[in-house]
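Listed below are the residues making up each chain.
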Amino acid sequence: MMKKKLCIFDLDGTLLNTIKDLGGACNYALQQFGFPQHAIEEYPHFVGNGVSKLIERALPEGHKDEETVIKVKRVFAEYYIDHCTEKTEPYPGIAALLSSLKKEGCKLAVASNKFQTATDKIIRFYFPDTFDTILGEGPNPRKPDPKMLIDIMQQNNCNPASTIHIGDSLTDIGAARAAGINVIACTWGFAPREIILAEQPDYKAENADEIKDLLLNPSPIFPQ
């Protein structure tokens, strides 16, 4: 029996491995302004707090001022929206997990620090007709601010006790705690596993099947 009525997923590093497209777009933007590019393997250290912070971290020292960030971000966003589904891939088992949750009548939502236009495009491309609510950065402040999660609960007529957040970063854990909801930390994402577990999330999952077990198998983990 389903113990949670609403599952709110993070996007980058949780549902989808987006790092190649993010890194490719950032390198393109850096190149347009003559700045050094980075190996794709470096980008997991730059992401997690929205595009502005990604650009700031990727820029060389002495060029992290707000004006430069805004200019590079504009080029990044234009390029990324056209190329954001080229190398991005769902993590193993995610599609089956979402299908199982929907069959059990669970409402599904996305809360991402990615800007809204890209969040919409990517989710609808990889998971058409799957999510009830899709929120990204824009009108909503970025996580760990809890407003995005609170808005999703209100839109789906759910309360903290019937909601869970699934994410791969400290911002996801912080947002969930601020919103008063349980959180499942995914260890396969962009944040180092040891850092995530040191934060002592409510639950952890090493793969999508473990999330399925936590949410769908009869157990006393979540009170009804």
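Since the model is a prediction, treat every value here as computed from it, not as a measurement. (Residues numbered from 1 in each chain as written. Predicted model: local features only at pLDDT ≥ 70, side-chain atom pairs only at ≥ 80, totals over all residues. Heavy atoms only, no water.)

Draft legend 1. The side chain of T133, seen in detail. The residue T133 is located in strand β5 (residues 133–137) in this model. Here N156 takes part through its side chain, which lies 3.0 Å from a polar atom of the side chain of T133. The contact partners of T133, leaving out residues within four places of it in the chain, are L108, A109, V110, I152, Q155 and N156. (Helix = DSSP H or I, 4+ residues; strand = E, 2+ residues; numbered from the N terminus. Polar contact = N/O pair within 3.5 Å; in protein donor to acceptor, adjacent residues only side chain to side chain. Contact = heavy atoms within 4.5 Å.)

Draft legend 2. Inspection of the pattern of salt bridges at higher detail. All told, the structure shown has 10 salt bridges when counted by the stated rule. E56 is the partner of K53 in a salt bridge, and the nearest nitrogen-oxygen pair spans 3.5 Å. With K53 and E56 both in helix α2 (residues 51–58) and 3 residues apart, this pair spans about one turn of that helix. Accessibility expressed as a relative area gives 29% for K53, which makes it partly exposed. (Salt bridge = Lys/Arg side-chain N within 4 Å of Asp/Glu carboxyl O. Buried < 20%, exposed > 50% of the residue type's maximum accessible area, 1.4 Å probe, protein only.)

Draft legend 3. Local environment of the nonpolar core. Ranked by internal contacts, the top residues of the largest apolar core, which has 55 residues, are F9, L15, F76 and F131. Sequence-distant contacts of F131, defined by excluding residues within four places in its chain, comprise F9, L15, L98, L108, A109, V110 and I123. L6, A111, I173 and I196 belong to the second largest nonpolar core, which has 18 residues in total. (Core = buried A, V, L, I, M, F, W, Y, C linked by side-chain atoms within 4.5 Å.)

Draft legend 4. Spatial organisation of the packing of helix α3 (residues 66–83) against helix α5 (residues 116–126). Put simply, α3 and α5 touch, their axes get as near as 10 Å, and they point 10° apart. Looking at the two axes, α3 sits roughly parallel to α5. Listed contacts from α5 to Y80, I81 and D82 of α3 are T117, A118, K121 and I122. Split into classes, the residues belonging to the contact of α3 with α5 amount to 4 nonpolar, 1 polar and 2 charged. (Axes fitted to C-alpha atoms, helices over the stretch in contact; angles between N-to-C directions. Parallel < 35°, antiparallel > 145°, perpendicular 65-115°, else oblique. Nonpolar A, V, L, I, M, F, W, Y, C, P; charged D, E, K, R; others polar.)

Draft legend 5. Here's a closer look at the pairing of strand β1 (residues 6–9). Across the two faces of β1 the burial is the same, with L6 and I8 and C7 and F9 all buried. Pairing between β1 and strand β4 (residues 107–115): 4 bridges, direction parallel. Paired with F9 across the strands is V110, a residue of β4. (Pairing = 2+ DSSP bridges.)

Draft legend 6. Region of the structure containing the layout of surface pockets. Size it by volume and the largest pocket reaches roughly 450 Å³. What lines the largest pocket is a set of 25 residues, and nearest its centre among them are V47, G48, N49, S169 and F190. At the level of elements, α2, β4 and α7 (170–179) are the ones that each hand at least two residues to the lining of the largest pocket. Here the residues of the lining of the largest pocket sort into 10 nonpolar, 8 polar and 7 charged. (1 Å grid on protein atoms, 1.4 Å probe; cavity = no way out; pocket = protein on both sides within 12 Å on 5 of 7 lines; lining within 4 Å. Points joined across faces, edges and corners; volume = space filled by probe spheres on them.)

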